[in-house]
Amino acid sequence: MAAPVQWHAEALWEAVSPLLPGFTVEILPEIDSTNTELMRRARAGQLEPVLLVAERQTAGRGRLGRDWQSESHNQNPNLTFSLGLPLALTDWSGLSLAVGLAVVQSLHADLRLKWPNDVWLGDRKLGGILIETASVGDARYAVIGIGINITPRDAAGLRTPPAALCELWPEATAPLALARVALPLVQALQAFVREGFAPLRTAFHARDLLYGQEVVCSDGLTGMARGVDASGALLVHTDQGLKKINSAEVSVRPMAAPAAPPANPV
Ligand code: BTN
């Protein structure tokens, strides 16, 4: 039988709870989705800060209504967790970029962000972030779900080929990755509440996978990605000038390289 995974929940709690009074850490062997569970709890009035980790999700969810498959084919599970907490924000723009930045900065120098907040290694996706919110009375509760591939996963059915953290960090495990991410994530959220996205713009550009690339948006707009503005909107230089892309519905992908000219043109 596989040895149980050691999550070091107490060390996580000790690191984070001074910043978040009432914080708890919960590790579950299996659940449909950590985001779904925290959204259910928030709608039922449970608004305390919590870190919910699942060793296995049976109905993991991604952005834009997609599935998130994180099944591991060995004893080293992938990392799937959600952080739920009340967030008093007047301006939410750029939050998802700030979260992505905290994730890549805490995990590895070679990781990049594909706007708005996909975690990529080279030309493959290594992780994703799904942020949802619930309004309960005057309060707004944020559920920040993060999935990171720790070991290689099956590419079948995926839109983009997957990468895994152990390619960069051979000893990586889900608990070690979580230990790197949890505190910086909470610190980044608290800094975001104070200062918003603007101070993070330069740091985002240093990790921006799309910067200087020809991109095509899902609405057909094409142009060269020029980083983000102070609110986190993607800037695309098009034939009609500089356009700002805000919508979470827009997915952006690098344009396919033009076909090489024939070797012997006639
Ligand atoms: C994406 O890239 O589309 C976002 C993926 C987010 C996956 C994480 S795994 C933990 C949390 N629970 C979910 O159901 N989804 C998020």
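Scroll up for the structure.
All figures in this text were calculated on a predicted structure; none of them were measured in a lab.

A. Just the overall build of the protein, in detail. Along its length, the protein carries five helices and twelve strands. Over its C-alpha atoms the protein spans a radius of gyration of 19 Å, differing by no more than 12% from the 18 Å that the globule rule assigns to 266 residues. Judged by the C-alpha coordinates and their principal axes, the protein covers about 70 × 50 × 30 Å. Each of the 266 residues in the protein was classed as buried or not, and the buried ones make up 47%. In the protein, of all internal contacts separated by at least 6 residues, the share reaching a separation of at least 24 is 65%. As displayed, the protein has an accessible area near 13000 Å², and 53% of this comes from carbon and sulfur atoms. When the 22 basic and 26 acidic side-chain charges of the protein are each reduced to a single mean position, those positions are 6 Å apart.

B. Region of the structure containing the sheet that holds strand 4 (residues 112-114). Here seven strands make up an open sheet; going across it, the order is 1-2-3-7-6-5-4 and the pairing mixed. Across the chains shown, the open sheet's two edge strands, defined by having one partner strand only, are strand 1 (24-28) and strand 4. Sheet twist, expressed as the average angle between the axes of neighbouring strands with direction ignored, equals 20°. Of the pairings in the sheet, the one linking strand 2 (residues 50-54) to strand 3 (residues 79-86) comprises four bridges and is antiparallel in character. Bridge pairing in strand 3 links Val 50 to Gly 84. Sitting on the sheet, helix 1 (residues 9-16) is in contact with strand 1 and strand 2, with an inclination near 155° to strand 1. In the packing of helix 2 (residues 34-43) onto the sheet, the strands contacted are strand 1, strand 2, strand 3, strand 6 (124-136) and strand 7 (139-148), and the crossing angle to strand 2 comes to about 145°.

C. Representation of the environment of Val 143 in the model. Tracing the backbone through its elements, the reader meets Val 143 in strand 7. Those residues in contact with Val 143 that lie beyond four places of it in its chain are Asn 35, Leu 38, Met 39, Ser 82, Leu 83, Gly 84, Leu 130, Ile 131 and Glu 132.

D. Main features of the pairing of strand 6. Note: strand 5 (residues 118-121) against strand 6, three bridges, orientation antiparallel. Looking at the pairing, Trp 120 lines up with Lys 125 of strand 6. Connecting strand 5 to the next strand, strand 6, in antiparallel fashion are two residues, including Gly 122 with a positive phi near 60°. Pairing of strand 6 with strand 7, which is carried by ten bridges, proceeds in the antiparallel orientation. Residue Ser 135 lies in a different strand from strand 7, and its bridge partner there is Arg 140. Following strand 6, the chain reverses through two residues before pairing antiparallel with strand 7; Gly 137 in that reversal takes a positive phi of roughly 60°.

E. Structural context of the site of the ligand. The environment of the ligand is formed by 20 residues, the closest being Ser 33, Gln 57, Arg 61, Arg 63 and Lys 125. Contacts to the ligand include Gln 57, whose side-chain N or O atom sits 2.9 Å from a nitrogen atom. One nitrogen or oxygen atom from the main chain of Arg 61 is found 2.7 Å from a nitrogen atom belonging to the ligand. The fraction of the free accessible surface of the ligand (420 Å²) that becomes covered by protein chains is 98%.

F. Local environment of the packing of helix 1 against helix 4 (residues 174-195). Where helix 1 meets helix 4, the axes come as close as 10 Å, and the angle between the chain directions of the two elements is 20°. Judged by the angle between their axes, helix 1 and helix 4 are roughly parallel. Remark: the crossing between helix 1 and helix 4 carries right-handed chirality. Across the interface between the two elements, Leu 12, Ala 15 and Val 16 from helix 1 touch Leu 178, Ala 179, Ala 182, Leu 183 and Val 186 from helix 4. Taken together, the residues of the contact of helix 1 with helix 4 sort by class into eight nonpolar, no polar and no charged.

G. Local environment of the environment of Ser 247. With respect to the secondary-structure elements, Ser 247 resides in the loop between strand 11 (241-245) and strand 12 (252-254). With relative accessibility at 31%, the residue Ser 247 sits in the partly exposed group. Separated by 89 residues in the primary sequence, Ser 247 and Leu 158 have C-alpha atoms spaced 23 Å apart.

H. Looking closely at the side chain of Asp 229. Inspection of the secondary structure puts Asp 229 in the loop between strand 9 (222-228) and strand 10 (234-238). On the accessibility criterion, Asp 229 (11% relative accessible area) is buried. Not counting residues up to four positions away in its chain, the partners in contact with Asp 229 are Phe 197, Arg 201, Leu 235 and Lys 244.

I. Spotlight on the pattern of salt bridges. Counted by the stated rule, this structure contains nine salt bridges. Residues Glu 30 and Arg 56 are paired through a salt bridge, measuring 2.5 Å at the closest nitrogen-oxygen approach. Residue Glu 30 is found in the loop between strand 1 and helix 2, and its partner Arg 56 is found in the loop between strand 2 and strand 3; the two are separated by 26 residues along the sequence. Residues joined in a network through salt bridges with shared partners are Glu 26, Asp 32, Glu 37, Arg 40 and Arg 41.

Conventions we followed
- Residues numbered from 1 in each chain as written.
- Predicted model: local features only at pLDDT ≥ 70, side-chain atom pairs only at ≥ 80, totals over all residues.
- Heavy atoms only, no water.
- Helix = DSSP H or I, 4+ residues; strand = E, 2+ residues; numbered from the N terminus.
- Rg over C-alpha atoms; globule rule 2.2 N^0.38 Å.
- Buried < 20%, exposed > 50% of the residue type's maximum accessible area, 1.4 Å probe, protein only.
- Contact = heavy atoms within 4.5 Å.
- Areas by Shrake-Rupley, 256 points an atom, 1.4 Å probe, with all protein chains shown as cover.
- Lys, Arg positive; Asp, Glu negative; His and termini not counted.
- Charge placed at Lys NZ, Arg CZ, Asp CG, Glu CD.
- Pairing = 2+ DSSP bridges.
- Axes fitted to C-alpha atoms, helices over the stretch in contact; angles between N-to-C directions.
- Near = heavy atom within 4 Å.
- Polar contact = N/O pair within 3.5 Å; in protein donor to acceptor, adjacent residues only side chain to side chain.
- Parallel < 35°, antiparallel > 145°, perpendicular 65-115°, else oblique.
- Left-handed = near helix turned anticlockwise from the far one by under 90°.
- Nonpolar A, V, L, I, M, F, W, Y, C, P; charged D, E, K, R; others polar.
- Salt bridge = Lys/Arg side-chain N within 4 Å of Asp/Glu carboxyl O.

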